[in-house]
Structures are given as C-alpha cells and as structure tokens.
Amino acid sequence: LLGRALELAPSELERAHASVEVARVDVASRRYDAAIERLDEAITVAAAAGDLNLQAEALGWKTRASWLRASWRDALESAQAAVAVLEGLPESPQLARTLARLSQIEMLRALPSAEPSALRAIEVARSTGERAAEANARSNLMAERARTIPPTEAELSEIIDLAQQA
C-alpha cells in the first residue's frame, strides 16, 4: 500500500513524505540499508523544498536506522543535523524528540555532550508537553549520570511513571 503511495504521489515533496513512511516500515522490518537510501532521498527533497519538519523527521529516522545498523558516526551526524534543522524554529514536540534522540546516541557512546543534550531535551519536552521525549531524555540523563552516581529508587520510579503516562 505504501509502495503504491510512492507511485501515485503527485509531487516530489509528497513522494518524499511517503518515502519516510516506507522507510519507517523498512526500519521495523530490519531493512536498514533500504531505509537509509529512502531517507537520504527524502532529506534531499525536503531540504530543496525548504520543508524543515520533513527534513528533520527523515533525519530522525535515519538516526534510528543508522543506530540499529551500528553505524554510530552516521547516527550521531544525522541526530546533530536534525537538531540543527529545528533549532532556529519555535520549540516544538518534534525538537524535544530530536534532542532526546541525540542525547541517547551521545549517552550510548559515552560522549561528554550527552548530559547537556539530555537537559535541553527535558527543558523543551516540558515546555511543549512532550512527555515521551521527557521520559526518554530523563532516562538518558540518568544512565549517563549512573556512570558515577547510581540513581535512587525514587528517581527510577519517577521516570517509569512518566514513561507509562506518555
């Protein structure tokens, strides 16, 4: 059905939107290379059209596909690019999710920027009401800080509760 949407899309931009949806299925089906190829095309089209939200969404999915493929450099670069695309716009739930995703990659790679990224993600998530991104970023922050200070049971419970409410 999504393949048909690609064929029938009336414009290159609408085809790029459909490509992102097909790439999401590719990621869920572990076809990471196919997903990344589709996403790269969507990123190019979105950038040329000035559709920053689509560009950031495609970069976000490229981050995930790259991470799942263990292409850490590509994952980090895609996450950073997605944040850069959205940073000049008003704060949004999409920015909160993008920052949380960046902080996750940074935390998994033990990068010093993980904590500041997670704190920024939490701030934006709270200001935009994006509870899932807040839970993700708080989990990333806790994991990063746990390298030196173990979290308390109360901190863990609070994040679990937040995630369940999201």
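Residues numbered from 1 in each chain as written. Predicted model: local features only at pLDDT ≥ 70, side-chain atom pairs only at ≥ 80, totals over all residues. Heavy atoms only, no water.

Caption draft 1: Representation of the packing of aromatic side chains in the model. Within the structure shown, the criterion is met by zero aromatic pairs. It is R64 that lies over the ring of W61; its NZ or CZ is 5.3 Å from the centre. (Phe/Tyr/Trp six-rings, centres within 6.5 Å; stacked < 30°, edge-to-face > 60°. Lys NZ or Arg CZ within 6 Å of the ring centre and 35° of its normal.)

Caption draft 2: Structural context of the environment of V85. Along the chain, V85 turns up in helix 5 (residues 72-87). Here the alpha-carbon distance between V85 and N53, two residues 32 residues apart in the chain, equals 8.1 Å. Residue contacts for V85: discarding those within four places in its chain leaves L52, Q55, A56 and L59. (Helix = DSSP H or I, 4+ residues; strand = E, 2+ residues; numbered from the N terminus. Contact = heavy atoms within 4.5 Å.)

Caption draft 3: A look at the layout of surface pockets. Taken as a whole, the largest pocket encloses approximately 220 Å³ of empty space. Surrounding the largest pocket, R138, L141, M142, R145, A146, I149, P150, P151, E155, E158 and I159 form its lining. When contributions to the lining of the largest pocket are tallied by element, the ones reaching two or more residues are helix 8 (131-145) and helix 9 (153-165). If one sorts the elements of the lining of the largest pocket by residue count, helix 8 sits on top with four residues. Classifying every residue of the lining of the largest pocket gives seven nonpolar, no polar and four charged. (1 Å grid on protein atoms, 1.4 Å probe; cavity = no way out; pocket = protein on both sides within 12 Å on 5 of 7 lines; lining within 4 Å. Points joined across faces, edges and corners; volume = space filled by probe spheres on them. Nonpolar A, V, L, I, M, F, W, Y, C, P; charged D, E, K, R; others polar.)

Caption draft 4: How the structure looks around the side chain of Q94. Looking at the element boundaries, Q94 is found in helix 6 (residues 93-108). When sequence neighbours within four positions are dropped, the list of residues in contact with Q94 reads N53, A56, E57 and L86.

Caption draft 5: Just the environment of L86, in detail. Relative to the helices and strands, L86 is located in helix 5. Take L86: its relative accessible area is 2%, and that puts it in the buried class. Separated by 13 residues in sequence, L86 and L99 have C-alpha atoms that sit 9.7 Å apart. Residue contacts for L86: discarding those within four places in its chain leaves L52, N53, A56, Q94, L95 and T98. (Buried < 20%, exposed > 50% of the residue type's maximum accessible area, 1.4 Å probe, protein only.)

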